[in-house]
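# Structural features, examined
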Amino acid sequence: MRAIGEAKLLGWGARVLYLGPAFGLTPHRNATAVLAIGLDAALEVADDPTDTATDYRSTRSVLILPNSLHHLRIARGRMAFLYVDPLGRDLKALLARMTDTRARAAFELREESAVIEIMTGLAEDRIAARDGCLSLSELLGVGTGTKANARISAALRLMRDEPHRAHRLTELAEHAGLSASRFLHLFKAETGVPLRRYRIWIRMGAAVRACGEGSSLTEAAHAAGFASSAHFSSAFRDMFGMMPSDLLKALRPVDG
C-alpha cells in the first residue's frame, strides 16, 4: 500500500483502490470501469458533462462504465475509487449490485453502507489491507466469474510486461493467433475499451509504479513508453481528471 498525504493506493490484483481526497477532478474518461464512493458525504456526478443541460446527481455511490466521459465533484470529505479488473468480470458483478443502471453509469450500491464502513476502516488503518479486500470481494462479487479468453489474456500480459513497447495491432493479433479484425472484436468484448485506450492505461500504471519506486516524472514517463513527461501528464489528466504531479509528489510508503 502507498499513501499520498492523507490518501492511499492499494494494489489488489489487477485492481487499484484509491482512498483519500478527490483532488478537484475535471471531466475525464477512464479506460476501465470505476466504482466511486463518497466515504464521508454524498458526491455529485454528471454522466454527460458536455451537455450543459445535464444536472448533477447526488449519490453516495456510482459505477462509471468504461471509456465514459463524466465529472465527479464532492463538497467535503474523502473519496474511494475502485478501478476494476477489466478481465476479471468485475464490471458484470458490480452492475448486478447497483439499483439504477443508465447508459453511462449505474447508481446506488445495494450494500453501500457495509462497503463504506470497510473502505473507511482501510483508509484509517483500522482494517488490514488483506482483510478489507476479502470482505469487499464478498460484498461486491469482484474476483469471481468465468475465465477470460486465453488469447486476449496472453496479449494483455505481453502489454503489461513490456509497457514501453508500441504493441501494434498486427503484432498483438499475431501473438494471439488471430486476424487483426477478430482480435479487435474480442479485445473490446473482453475489456470493454478500445485497444489504444487500454494500452495507455497499462503505460500509466507502469509510470505510477516507477514514480513510487523513486523515479522522476520524466524518467517514469519515458520508461513507460510516453514520448515525454508532458505527454504523460496530458494523458493522465484526460483519464483521471488531475495532474499526476498532484498525486505523486507526496507519495510515501505505508506499513501494512
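Anything mentioned here points back to the structure above.
Now for a description of the structure that goes with this document.

Conventions and cut-offs
- Residues numbered from 1 in each chain as written.
- Predicted model: local features only at pLDDT ≥ 70, side-chain atom pairs only at ≥ 80, totals over all residues.
- Heavy atoms only, no water.
- Helix = DSSP H or I, 4+ residues; strand = E, 2+ residues; numbered from the N terminus.
- Buried < 20%, exposed > 50% of the residue type's maximum accessible area, 1.4 Å probe, protein only.
- Polar contact = N/O pair within 3.5 Å; in protein donor to acceptor, adjacent residues only side chain to side chain.
- Contact = heavy atoms within 4.5 Å.
- Pairing = 2+ DSSP bridges.
- Axes fitted to C-alpha atoms, helices over the stretch in contact; angles between N-to-C directions.
- Core = buried A, V, L, I, M, F, W, Y, C linked by side-chain atoms within 4.5 Å.
- Parallel < 35°, antiparallel > 145°, perpendicular 65-115°, else oblique.
- Nonpolar A, V, L, I, M, F, W, Y, C, P; charged D, E, K, R; others polar.
- Phe/Tyr/Trp six-rings, centres within 6.5 Å; stacked < 30°, edge-to-face > 60°.
- Lys NZ or Arg CZ within 6 Å of the ring centre and 35° of its normal.

### Quick word on the side chain of His28
As for its placement among the helices and strands, His28 is situated in the loop between strand E3 (15-20) and strand E4 (34-38). By relative accessible area, His28 is classed as buried at 3%. A distance of 2.7 Å separates a polar side-chain atom of His28 from the backbone oxygen of Thr26. When sequence neighbours within four positions are dropped, the list of residues in contact with His28 reads Ser68, Leu69, His70, Arg237, Asp238, Met239, Phe240 and Gly241.

### Some points on the sheet that holds strand E5 (residues 43-46)
Two pairing modes exist for strands in a sheet, parallel and antiparallel, and in both the strands are linked by backbone hydrogen bonds. One open sheet holds the three strands; their spatial order is E6-E5-E8, and the pairing between them is antiparallel. Edge positions in the sheet fall to strand E6 (57-59) and strand E8 (71-73), since each has one partner strand and no second. Strand after strand, the sheet turns through a mean of 30° between neighbouring axes, direction not considered. Strand direction decides the pairing type here: E5 and E6, joined by three bridges, are antiparallel. Residue pairing in the sheet places Val45 in a bridge with Arg57 of E6.

### Regarding the pairing of E4
Counting buried positions along E4 gives five out of five residues, so the element sits mostly inside the fold. What you see with E4 is no split at all: Val34, Ala36 and Gly38 on one side and Leu35 and Ile37 on the other are buried throughout. Alignment of E4 against strand E7 (residues 61-64), held across four bridges, turns out to be antiparallel. In the strand pairing of E7, Ala36 is matched with Val62.

### Some details on the environment of Arg76
Structurally, Arg76 can be placed in the loop between E8 and strand E9 (79-83). Non-local contacts of Arg76, meaning those with residues more than four positions away in its chain, are made with Asp40 and Ala41.

### Considerations on the nonpolar core
Nonpolar side chains tend to gather and get buried jointly when the protein is soluble and globular. Counting residues in hydrophobic clusters, the biggest one holds 56 residues, and the most contacted among them are Val62, Phe81, Phe183 and Met204. Top element by residues in this core is helix H7 (residues 195-212). It accounts for eleven residues. Look past the residues within four positions of Phe183 in its chain and what remains in contact with it is Ile152, Ala155, Leu169, Leu172, Ala173, Ala176, Leu178 and Leu195. With 27 residues, the next largest nonpolar core counts Leu19, Leu39, Leu63 and Leu140 among its residues.

### Re unusual backbone geometry
Phi is positive for Glu108, which is not a glycine, with a value near 65°. Structurally, the position occupied by Glu108 is in strand E11 (residues 105-109). The backbone of Asp125 shows a phi angle near 60°, a positive value even though the residue is not glycine. Topologically, Asp125 is positioned in the loop between helix H2 (112-123) and helix H3 (129-140).

### Notes on the packing of helix H5 (residues 169-176) against helix H6 (residues 180-191)
Viewed as axis vectors pointing N to C, H5 and H6 meet at an angle of 85°, and their least axial separation amounts to 9 Å. Our classification of the angle between H5 and H6 gives roughly perpendicular. Of the residues in H6, those touching H5 at Leu169, Leu172, Ala173 and Ala176 are Ala180, Phe183 and Leu184. Residues of the contact of H5 with H6, tallied by class, amount to seven nonpolar, no polar and no charged.

### A look at the packing of aromatic side chains
Applying the stated criterion to the full structure yields ten aromatic pairs. Residues Phe81 and Tyr83 carry aromatic rings whose centres are separated by 6.3 Å and whose planes lie at 35° to one another, so their mutual orientation is tilted. Just as Phe81 is buried, Tyr83 falls in that class too. Ring centres 5.1 Å apart and planes at 50° place the aromatic pair Phe226 and Phe232 in the tilted group. Assigned by exposure class, Phe226 and Phe232 land together as buried. Feature note: the residues Tyr18, Phe81, Tyr83, Trp201, Phe226, Phe232, Phe236 and Phe240 constitute an aromatic cluster, connected by ring pairs. When the ring centre of Trp12 is taken as origin, the NZ or CZ atom of Arg15, which lies over that ring, is 5.3 Å away. Here the basic side chain of Arg57 rests over the ring of Phe107, its NZ or CZ set 4.0 Å away from the ring centre.

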